[in-house]
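A look at the structure
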Amino acid sequence: MKFIVFVSAFFLCLLFAAEAQHKRHVSMGNADKVVKITQGVEITTPSGSCRIVAYSPTSFRISMNLPGLPLEEFTYAVSGKPEQVKLDIQQTEQSLNLVTDSLFLEVSLKPVRIKMKNKAGKILNEDEPAFGTGWIGEEVCTYKKLQPGERFIGLGEKTGGLDRRGEGYTNWNTDFFGYPSNADPLYASIPFYMGIHQQVVYGIFLNNSYKSHFNFGASNNRFSSFTAEDGAMDYFLFGDATVPGILQSYAKITGTMPMPPLWSIGYQQCRYSYYPDKEVISIAKTFREKKIPADVIYLDIHYMDAYKIFTWHPERFPKPKAMLDELKSMGFHTTIIVDPGIKVEKGYAAYEDGLKKNAYLLYPDGAPYTGQVWPGWCHFPDFTHPAARQWWGESFKGYVQDGVDGFWNDMNEPATWGQRFPDLVEFDFEGQKATHRKGHNLYGFQMARSTYEGTKKLMNGRRPFILTRAGFSGVQRYSAVWTGDNLPTDDHMMTGVRLVNSLGLSGVAYSGYDVGGFAGDANRETFARWITIGAFSPFFRGHTMIDSRDSEPWAYGEKIEEISRNYIQFRYNLMPYLYSTFYEASVSGMPVARSLAVNYTHDPNIYQGDFQHQYLFGPSLMVVPLTSEKRFAKVYLPEGQWYDLHSDQRMEGGKSYVIETNVENLPLYVKAGGMLLMQSPVQSAAEKPQDTLFVHLYTGENHQFRYYEDAGDGYEYEKGEFNIRDFSYNVAERSFRISAKKGNYKSQFKQVRFIIHGAMDLSKGLKANKSSVPTGKYRSAYMKPISRFDPLGNQGADLSKEYSSFVIPFSEEEILLKW
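Residues numbered from 1 in each chain as written. Predicted model: local features only at pLDDT ≥ 70, side-chain atom pairs only at ≥ 80, totals over all residues. Heavy atoms only, no water.

Helices and strands together make up the secondary structure of the protein chain, namely 14 helices and 53 strands. Here the protein chain has a C-alpha radius of gyration of 28 Å; the compact-globule value for 819 residues is 28 Å, and the two agree. Taken across its 819 residues, the protein chain has 62% of its residues classed as buried. Put simply, 70% of the contacts in the protein chain that link residues at least 6 apart link residues at least 24 apart. For the protein chain, the computed accessible surface area is about 30100 Å², with 51% contributed by carbon and sulfur atoms. Once the 87 positive and 90 negative side-chain charges of the protein chain are each reduced to a mean point, those two points are 4 Å apart. (Helix = DSSP H or I, 4+ residues; strand = E, 2+ residues; numbered from the N terminus. Rg over C-alpha atoms; globule rule 2.2 N^0.38 Å. Buried < 20%, exposed > 50% of the residue type's maximum accessible area, 1.4 Å probe, protein only. Contact = heavy atoms within 4.5 Å. Areas by Shrake-Rupley, 256 points an atom, 1.4 Å probe, with all protein chains shown as cover. Lys, Arg positive; Asp, Glu negative; His and termini not counted. Charge placed at Lys NZ, Arg CZ, Asp CG, Glu CD.)

Interhelical geometry of helix 10 (residues 490–504) versus helix 11 (residues 524–534) gives an angle of 10° and a closest axis separation of 10 Å. Between helix 10 and helix 11, the crossing angle belongs to the class labelled roughly parallel. Mapping the contact onto sequence places Asp490, His492, Met493 and Val497 in helix 10 and Thr526, Arg529, Trp530 and Ile533 in helix 11. Its residues assigned to classes, the contact of helix 10 with helix 11 comprises 4 nonpolar, 2 polar and 2 charged. (Axes fitted to C-alpha atoms, helices over the stretch in contact; angles between N-to-C directions. Parallel < 35°, antiparallel > 145°, perpendicular 65-115°, else oblique. Nonpolar A, V, L, I, M, F, W, Y, C, P; charged D, E, K, R; others polar.)

So, about helix 11. Among the 11 residues of helix 11, 9 are classified as buried, and the element is accordingly described as predominantly covered. The set of residues buried in helix 11 consists of Thr526, Phe527, Ala528, Arg529, Trp530, Ile531, Thr532, Ile533 and Gly534. Its buried side turned inward, helix 11 meets helix 10, strand 33 (511–515), strand 34 (539–542), helix 12 (558–573) and strand 36 (615–617). Two or three places before Glu525, at the opening of helix 11, Asn523 has a side-chain oxygen 3.2 Å from that residue's backbone nitrogen. (Polar contact = N/O pair within 3.5 Å; in protein donor to acceptor, adjacent residues only side chain to side chain.)

Quick look at the side chain of Asp175 now. Along the chain, Asp175 falls in the loop between strand 14 (168–171) and strand 15 (188–189). At 3.4 Å, the side chain of Asp175 forms a polar contact with the side chain of Arg469.

Should the charged atoms of two oppositely charged side chains come close, the side chains can pair. As enumerated under the stated definition, the model contains 40 salt bridges in all. Here Asp234 makes a salt bridge to Arg61, at a shortest N to O gap of 2.8 Å. Linking Asp234 in strand 20 (residues 233–240) with Arg61 in strand 5 (residues 59–65), this pair joins segments that are 173 residues apart in sequence. Residue Arg61 is classed as buried on the basis of its relative accessible area of 6%. Between Lys741 and Glu812 there is a salt bridge, and its shortest N-O distance comes to 3.3 Å. Placement of Lys741 in the loop between strand 47 (735–738) and strand 48 (751–757) and of Glu812 in the loop between strand 52 (802–809) and strand 53 (815–818) is noted, with a sequence separation of 71 residues between them. Overlapping salt bridges, with partners in common, bring together Glu42, Arg51, Arg61, Glu72 and Asp234 in one network. (Salt bridge = Lys/Arg side-chain N within 4 Å of Asp/Glu carboxyl O.)

The next point concerns the sheet that holds strand 26 (residues 376–379). Hydrogen bonding along the main chain pairs the strands of a sheet, whether they run parallel or antiparallel. The 3 strands are arranged 24-26-25 in an open sheet whose pairing can be described as antiparallel. At either margin of the open sheet sits one strand with a lone partner, and together these are strand 24 (342–343) and strand 25 (371–373). (Pairing = 2+ DSSP bridges.)

Attention now goes to the packing of aromatic side chains. In the structure shown here, the tally under the stated rule is 81 aromatic pairs. On the numbers, 6.0 Å between centres and 75° between planes, the contact of Phe380 with Phe421 is edge-to-face. Taken together, the residues span a long stretch of sequence, with Phe380 in the loop between strand 26 and helix 6 (386–394) and Phe421 in the loop between strand 27 (406–409) and strand 28 (426–427) at a distance of 41 residues. For the pair Phe380 and Phe421, one class covers both residues: buried. When the ring centre of Tyr348 is taken as reference, the NZ or CZ atom of Lys308 above it lies at 5.2 Å. Sitting over the ring of Trp482, Arg541 keeps its end group 5.2 Å from the ring centre. (Phe/Tyr/Trp six-rings, centres within 6.5 Å; stacked < 30°, edge-to-face > 60°. Lys NZ or Arg CZ within 6 Å of the ring centre and 35° of its normal.)

Here we come to helix 9 (residues 443–458). Taking 1.5 Å of rise per residue, the 16 residues of helix 9 would be expected to cover 22 Å, and the 23 Å separating its terminal C-alpha atoms lies within 8% of that figure. The buried fraction of helix 9 is high, at 12 of 16 residues. The set of residues buried in helix 9 consists of Tyr443, Gly444, Phe445, Gln446, Met447, Ala448, Arg449, Ser450, Thr451, Tyr452, Gly454 and Thr455. Just beyond helix 9, the residue with positive phi is Asn460, at close to 50°. (Expected span 1.5 Å × (residues − 1).)

We now examine the nonpolar core. Among the nonpolar cores identified, the biggest contains 208 residues, and Tyr399 and Phe536 are the most heavily contacted of them. Beyond its immediate chain neighbours, meaning those up to four positions away, Phe536 contacts Tyr567, Phe570, Arg571, Leu574, Tyr615, Phe617, Leu621, Val623, Leu666 and Leu668. Listed in part, the 40 residues of the second largest apolar core include Met64, Leu109, Val112 and Tyr193. (Core = buried A, V, L, I, M, F, W, Y, C linked by side-chain atoms within 4.5 Å.)

A few words now on the sheet that holds strand 45 (residues 703–709). Strand order in the open sheet formed by 6 strands is 45-46-47-53-49-50, and the pairing between neighbours is antiparallel. Of all strands in the sheet, those bounded by a partner on one side alone are strand 45 and strand 50 (771–772). Examined bridge by bridge, strand 49 (residues 767–768) and strand 50 share 2 bridges and lie antiparallel to one another. By the bridge assignment for strand 50, Ala768 is matched with Ser771. Helix-sheet contacts for helix 13 (residues 575–588) involve strand 45 and strand 46 (723–730), and the interaxial angle to strand 45 is about 90°.

Here we take up the environment of Asp490. Within the element layout of this structure, Asp490 appears in helix 10. C-alpha of Asp490 to C-alpha of Gly516: the two residues are 26 residues apart in sequence and 9.3 Å apart in space. Residues in contact with Asp490, not counting those within four places in the same chain, are Thr526, Thr627, Ser628 and Glu629.

Next up on the list: unusual backbone geometry. With an omega of -5°, the peptide bond running from Asp184 to Pro185 counts as cis. Backbone torsion omega between Glu413 and Pro414 reads 5°, so that peptide bond is classified as cis. Checked against the element boundaries, Pro414 lands in the loop between strand 27 and strand 28.

The next thing to look at is the pairing of strand 53. Strand residues, when the strand is regular, have side chains that alternate between the two faces of the sheet. The alternating pattern of strand 53 places Ile815 and Leu817 on a buried face and Leu816 and Lys818 on a face that is not buried. One ladder, built from 4 bridges, connects strand 47 with strand 53; its direction is antiparallel. What sits directly across from Ser735, in strand 53, is Lys818. As defined by bridge partners, strand 49 adjoins strand 53 across 2 bridges and the pair is classed as antiparallel. Bridging across to strand 53, Ala768 finds its partner in Leu817.

This part is about the pairing of strand 52. Looking at chain direction, strand 48 and strand 52 are connected through 6 bridges and run antiparallel. Within strand 52, the residue paired with Phe754 across the bridge is Phe806. Note: strand 51 (residues 775–779) against strand 52, 5 bridges, orientation antiparallel. Considered in strand 52, the bridge of Arg779 is made with Glu802.

Atomic detail in the predicted coordinates should be set aside for any region of low pLDDT. On average, residues of the protein chain score 94 in pLDDT, and 95% of them are at 70 or above. Contacts for the low-pLDDT stretch residues 1–21, under 50 throughout, to residues beyond four places or in other chains number 0 contacts. Confidence over residues 785–799 falls short of pLDDT 50; this stretch has 31 contacts with residues more than four positions distant or in other chains. (pLDDT = per-residue confidence, 0-100.)

To continue, consider the environment of Gln419. The topology assignment puts Gln419 in the loop between strand 27 and strand 28. Residue Gln419 is classed as partly exposed on the basis of its relative accessible area, which comes to 37%. A C-alpha to C-alpha distance of 9.9 Å links Gln419 and Gln372, two positions 47 residues apart in sequence. A distance of 2.8 Å separates the side chain of Gln419 from the backbone oxygen of Asp175, its partner in a polar contact.

Quick look at the structure:
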């Protein structure tokens, strides 16, 4: 008996020892075999395999896994295919060199470690030599050597500072009501970041949807790292000279946003909830009576019958089509909330149809998963199943026929009461089957996709507006993103700015926050400041929750109403500039709200706490968000020259200033050489502006702006029905050039009025295509003075100054102005 016990204990110890050994870190070892493949190589080692493929001259896809397991992850995020790349592969006994026109990837073979350099030989990124990529059980991690002075930016919807050095983050989409300003994780996961050091920049995208962890030197001074709890180490490594170059390379991999409907970039009004129908109509009429521009009204969950999706509440909204038609007649579009939970209820059409179509997520025994949310116990569509996506999209037919054209995807982390979605629940993954561990972070992304694809088919050539709370890399192809259930505080206001800037640094150009804060009551000053900042957010929506105070622009008194009207109207006046900026985002992936890290990457001042919130709205207009109590503030102007938008004062860059401020005058600055293209005031996108395009030119530096115009809806622009003009200002040549029209769309503008800010010597006359142009003066006011409310009397602000001005026909051929 003792012998049996001894032997049993011995083998038990061996088992524990083997288990302990298995759970130790095991890294990629020495290469046994190297095989050249199309545009890359495959490497095998005793501990794992590796594939490296040149995806473009500025990017490599690097995939590693344990022996016998797939090297690349099944992906919804990657939409781009490898480009044909001129690749030179040089091999020695110790190393491999993969050389493109832009990059030099050095792969040591004993052991397998990766180092990327630019063509000048500067190191962009390198593995930590001792660790490289390795496994602890099924968890896989890549360790990167920290470079001197290295900063990290991006990673999507993450709180914290612009520079993420010293921080760690987790990607696991989380329903987080009223989250604190340092919370992590939040609703969306975008596992892409950029590293900056010693005048170089690189990017890394982890193409793995399992829960992941990013360490940017948190709790250590040796490495940064990115970890996935399962699956392959499948990542893209980008190298370029600039942040815009990295963003463009990332956009080629994960895609860009489609052109949104013009009305969706106007002001949007929401609350939880507007009902019954008479209240909705009353809100719309009040906007028009008070002449506060707006385009969208939202219906939250109370429009549904017992919170059941694809229904209308029979008493609150007995005639939804008539209500929506009346809203449309006032120039309003309607966006409805869409939750994924389908109530388990016999006789409920959506539930019964989903069962017939096998559309729901399943337990391993084949039974539909049931979780509890607003309607009660619900099944959840499996958006990784093609048939379920089709069923979901077709289910919007009734809403579209009624006149709905905006769809707000909520509760799609996925959220359930209890916040413990079982990991054994199975997702179809296009027939490849996987558990909730792999599907969780993709659920909101694929729900947004299903909603977009379905409504697009139903809307007879019109563009749907899709908004989502949860998402993953690639969600920008289908939807805008908002930052969830925020709080009505100054701290959260500034957090929202950082979140939107970070999303822009991560490929999501169309994003925003709930202006005024969702979870509670904002005070008058906070709301006033928030709406002035929100006017320069890509997605611009006011929202608040149930049982909170009214939070429409007029709900805070006459002064705040006028501030709101001024800034919302200014956004509408800027529509030619803003819509052109969205076009750039749709082509290149450039953000609409651009952290200063995009253009001034290596300026250390922009990462300071006082200045990290500042951003460019489009290429020329700098926004300086400030908390509402500020009466004096520090502002940093990057290199070059800048104009104060309010006073027109020209200021030197490369230094900081202490300025006087108040809630009615958000600090705004225009880059010298920049152009703000504007239109006459309108109350909605349905109202056509007058036939003059206003070009505010801020003299001082060379600049080019690409103006874009189309019908504002529909898809004819994909067939050439657009109008593109390049506006180019050249200081040395004393010239301004408007390129000949590209595209077949006839502009709504017949003439262009130039308004000159700063010095322009017109004493020798002005010629357009060698014909003389008369010049004169123009009185311009961006916003109406509100000095009767201002105890300081708007001191220092000249809102009605006369400027040099001239008007030319907006002809379709090239226009050359010389003076």
